Amino acid sequence: MRLLFEIDTKDYDINGTAFVRHSARCINIKNGKVAMVHSLKYDYYKFPGGGIEKGESKEEAVIRETREEAGLIVIPESVREFGYVHRIQKSEYPDTDHFIQDNFYYLCDVEERIEPQNLDDYESDEKFTLEYVKPDRAVFVNRNTDHGTKDRNMLEREARVLEILKAEGHFG
């Protein structure tokens, strides 16, 4: 899978303990809009997806996480690699110095029906809501809104992926 870009804040002890958690994320585009999870509490957009569990393939993770966070049912045979973002930064996790994450993005088709979400406590607290949004709107919100304590690197990651999709003509 191609590397889209890297985010390296260089604000950590590289010789220290790392917390590593890779993720898989869904890109579903319909009528010039992209499926995003909107945090109504902190007003930001992210691609549906999340952590890859032990023993789970990236493709299995994107299907599971998209269903849980957005209620979208990914059609397994439609899953196509888009690219990944490598992120390394100072860790917010206890007893670790830096956080490493490869975020794997997949272009996916989904069924028409939408299932109820199955959110974690923090996702429910943030009021995660599925929205099909114009990419420029999501980029603007992620870059120009006060998101409280949310990680700006994560928000910029999503904005940059949206810009790459747009530049490559995925929105028509």
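Please read these numbers as outputs of a predicted model, since none were measured by experiment. What you see as residue numbers is a count from 1 along each chain, following the sequence as written. The predicted origin of the model limits local features to residues at a pLDDT of at least 70 and limits the giving and counting of side-chain atom pairs to 80 or more, whereas totals for whole chains, interfaces and linings rest on all residues. Side-chain descriptors were evaluated using all non-hydrogen atoms of the structure, hydrogens and water having been removed beforehand.

Asks: Please provide a residue-by-residue account of unusual backbone geometry, values included.
Replies: The phi angle at Lys10 is positive, at roughly 55 degrees, despite the residue not being glycine. Strands here mean DSSP runs of E at least two residues long; helices mean DSSP runs of H or I at least four residues long; both are numbered from the N terminus. With respect to the element layout, Lys10 can be found in the loop between strand E1 (3–8) and strand E2 (18–20). The class of Lys10 is exposed, set by a relative accessible area of 65%. One non-glycine residue with positive phi stands out, namely Asp95, at about 60 degrees. Along the chain, the position of Asp95 falls in the loop between strand E9 (80–90) and strand E10 (98–107). Each residue is placed in one exposure class: buried if its accessible area under a 1.4 Å probe, protein chains only, is under 20% of its type's maximum, exposed if it is over 50%, and partly exposed if it falls in between. By relative accessible area, Asp95 is classed as exposed at 75%.

Asks: Summarise the layout of surface pockets; cite the residues concerned and give the values.
Replies: Two kinds of site are reported from a 1 Å grid over the protein atoms alone, namely cavities, where a 1.4 Å probe fits but cannot get out, and pockets, open sets with protein on both sides within 12 Å along at least five of seven lines, and residues are called lining when an atom falls within 4 Å of a point. Grid points are joined across faces, edges and corners, and a volume is the space filled by probe spheres set on the points. Here the largest pocket is characterised by a volume of approximately 720 Å³. Arg25, Arg87, Tyr93, Gln101 and Tyr122 are the residues nearest the centre of the largest pocket, which is lined by 31 residues in total. At the level of elements, strand E3 (23–27), strand E6 (44–46), strand E7 (49–51), helix H1 (58–70), E9, E10, helix H2 (121–125) and helix H4 (152–167) are the ones that each hand at least two residues to the lining of the largest pocket. With four residues, the top contributor of residues to the lining of the largest pocket is H1. In this count, Pro and Cys sit with the nonpolar residues alongside Ala, Val, Leu, Ile, Met, Phe, Trp and Tyr, while Asp, Glu, Lys and Arg are called charged and the others, Gly among them, polar. Here the lining of the largest pocket is composed, by residue class, of six nonpolar, nine polar and 16 charged.

Asks: Please set out the environment of Asn142 residue by residue, giving values where relevant.
Replies: Positionally, Asn142 belongs in helix H3 (residues 135–144). Residues Asn142 and Lys58 lie 84 residues apart in sequence; the distance between their C-alpha atoms is 26 Å. Ignoring sequence-local partners within four residues, the contact set of Asn142 consists of Tyr44, Tyr45, His147, Arg152, Leu155, Glu158 and Ala159. Any two residues having at least one pair of non-hydrogen atoms within 4.5 Å are treated as being in contact.

Asks: Outline H3, listing residues and values.
Replies: Of the residues making up H3, those classed as buried are Pro135, Ala138, Val139, Val141 and Asn142. Buried residues of H3, viewed axially, fall in a sector of 165 degrees; they line one side. The secondary structure elements touched by the buried residues of H3 are strand E5 (33–39), E6, strand E12 (128–133) and H4. By definition, the arc is the one covered by directions from the helix axis to the C-beta atoms.

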